[in-house]
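# Coordinate inspection notes
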Amino acid sequence: MNCLKMRKFEAKISHFIERHHLLEREKRYLVALSGGADSVCLLLVLQKLGFSVEAAHCNFHLRGDESDRDEQFCQSLCQRLNVPFHRVDFDTSDYARQHKVSIEMAARELRYQYFSEILESIGFQGVCVAHHADDNAETLLLNLVRGSGLRGLTGMSPRRDFVIRPMLEVRREEIEEYLAAQGQTFVTDRSNLQSDFSRNKIRLEILPKLQEINPSVVSELNLTARHLADAERVLNDALDRNTSTFSTFFAGQSPIFCEISIPKLLAQPSPAYALFHLLTPYGFNRSQIDEIIDALSQQPGRQWHSPDHTLTLDRDRLVLSHRQVEQPEAVEISGAGSFSLGNAVLQIETFPKTADFLVSKTPETATLDADKIAFPLTWRRVGQGDRFVPFGMTGSRLVSDYLTDRKKSLAEKQQQTVVADATGRIVWLVAERPDNRFRVAPDTKNILRLTH
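Read on for a plain summary of the structure.

What counts, and at which threshold
- Residues numbered from 1 in each chain as written.
- Predicted model: local features only at pLDDT ≥ 70, side-chain atom pairs only at ≥ 80, totals over all residues.
- Heavy atoms only, no water.
- Helix = DSSP H or I, 4+ residues; strand = E, 2+ residues; numbered from the N terminus.
- Expected span 1.5 Å × (residues − 1).
- Bend = angle between axes of the 7 residues up to and from the residue.
- Contact = heavy atoms within 4.5 Å.
- Phe/Tyr/Trp six-rings, centres within 6.5 Å; stacked < 30°, edge-to-face > 60°.
- Buried < 20%, exposed > 50% of the residue type's maximum accessible area, 1.4 Å probe, protein only.
- Core = buried A, V, L, I, M, F, W, Y, C linked by side-chain atoms within 4.5 Å.
- Axes fitted to C-alpha atoms, helices over the stretch in contact; angles between N-to-C directions.
- Parallel < 35°, antiparallel > 145°, perpendicular 65-115°, else oblique.
- Nonpolar A, V, L, I, M, F, W, Y, C, P; charged D, E, K, R; others polar.

A word on helix α8 (residues 198–213). With 16 residues, α8 ought to run about 22 Å at 1.5 Å a step, and its terminal C-alpha atoms sit 21 Å apart, in line with that. The largest bend in α8 comes to about 35°, at I206, with the proline P208 one to four residues further on. Summarising the contacts, the buried residues of α8 are in contact with α6 (133–145), α7 (172–182) and α9 (217–242).

See below:
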């Protein structure tokens with residue numbers, strides 16, 4: 001590579017950075033430096049282009065002396081380039097055992113946890129990684145053979161969160177030519193030359209075979225990924241605008257924040273993809289979506305869980321709620337004050353009834369005859385066999401039957417609470433209906449007000 005080709009190579013990366021608004025001259029960035037050809041090239045080019053960069057190296061201690069050799073190489077390179085150098089050591093094998101993940105996944109998690117911490121503590125604007133066009137082609141093929149959906153076939157994005165990829169349009173052979181032209185050495189990870197892992201099989205065996213059919217296959221795969229990324233943006237925009245036709249989101253503190261109409265969902269051109277688009281931000285995966293679609297005609301009550309959310313099948317709707325953390329089963333209330341059960345708060349007040357007093361008509365507040373109620377009160381979840389006399393009625397009803405008549409979902413029934421007095425009588429089905437036995441009468445002297 002002569003001087004003209006070197007300048008063209010640098011200009012190619014510079015134009016990519018400008019086109020995608022990846023870096024700013026006045027900001028500081030971290031370069032993930034492994035010592036391999038790709039990351040060494042990235043550090044050299046960004047410095048040559050005038051960006052303010054520092055380097056970070058992760059020693060995963062997976063290859064014995066080679067790991068320490070790589071770290072020493074990176075440190076020496078940064079000293080020569082006058083680039084500030086950051087390093088960290090990981091016991092990757094121990095982390096993988098403890099978290100029951102593969103070595104590759106352990107290294108990835110440790111690396112990005114470290115990057116996130118150092119970005120926040122030092123104030124970098126992002127971490128630049130050395131993924132290039134060949135990596136992008138490999139990612140597309142790897143996702144394709146794993147059965148990925150559209151999102152996995154769009155390849156790597158120039159920027160995602162704090163991760164920046166300035167070299168996505170250059171080839172590996174261009175990188176090695178650029179380094180050779182400058183006499184710049186680099187280290188080689190011998191594991192990358194073996195066909196032990198899926199990505200390496202694609203890199204060392206599949207792509208060379210495809211290049212025999214089409215020498216430009218890497219460029220064509222990158223072009224395909226860009227076309228699919230454009231198509232995904234158009235599709236997602238249409239789905240965002242169409243989501244309101246089959247789902248309803250609710251504001252407030254209730255664990256339940258979205259209901260999905262099953263008939264309206266099934267009327268979509270692709271119910272599975274529409275549901276996938278809606279639920280993946282809440283941690284649900286493709287296999288769960290397929291299970292949900294298959295289960296829509298089954299009996300209600302089935303649930304699916306993501307790390308933070310629960311989806312419940314309830315007759316003609318799906319109910320999305322926040323997954324509840326373990327919390328106290330009940331709270332004892334000995335008098336006036338503010339009390340908490342999980343994330344919910346109950347305010348208790350007692351006061352004399354006045355001539356201008358009005359009974360509350362909102363479900364969030366119950367006004368009762370305090371003298372008819374025995375303290376201490378217990379605020380708890382609904383139990384099996386619980387009965388109360390709904391306000392305005394004379395006969396008692398099972399709370400479960402009342403909630404069913406109110407068309408409450410399974411998730412809502414599980415979150416429903418009651419306030420019972422010292423004798424075990426339910427005085428209020430919280431935020432639903434007070435018990436008629438404790439209603440305010442003309443001869444009531446003292447009021448108990450409960451506000452949820």
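Right, let's talk about the packing of aromatic side chains for a bit. Two aromatic rings, taken as a pair, are described by how far apart their centres are and by the angle between their planes. Enumeration according to the criterion identifies eight aromatic pairs in this entry. Centroid distance Y273 to F276: 5.9 Å. Interplanar angle 45°. Geometry classified as tilted. One end of the pair is Y273 and the other is F276, both in helix α11 (residues 271–279) and three residues apart, which spans about a single turn. No difference in accessibility class separates Y273 from F276, as the two residues are buried. Taking 5.4 Å as the distance between ring centres and 90° as the angle between the ring planes, the aromatic pair formed by F388 and Y402 counts as edge-to-face.

Let us look at the nonpolar core. Core analysis: the largest hydrophobic core is formed by 39 residues, its most contacted members being L23, L43 and L46. Among the secondary structure elements, those contributing two or more residues to this core are α1 (3–19), β1 (28–32), α2 (37–48), β2 (52–59), α3 (65–81) and α7. Broken down by element, this core gets its largest block of residues, eight residues, from α2. Once you skip the residues sitting within four places of it in the chain, L23 turns out to touch I17, Y29, L46, F51, C128 and I164. Counting 23 residues, the second-largest nonpolar core is a separate cluster that includes I262, F276, L296 and L318.

Our next topic: the packing of helix α4 (residues 92–99) against helix α5 (residues 103–122). It is the contact of α4 with α5, at a shortest axis distance of 9 Å, that shows an interaxial angle of 105°. Here α4 lies roughly perpendicular to α5, going by the angle between them. Within the contact between the two elements, α4 uses T92, S93, Y95 and A96 and α5 uses I103, A106, A107, E109, L110 and Q113. Taken together, the residues of the contact of α4 with α5 sort by class into six nonpolar, three polar and one charged.

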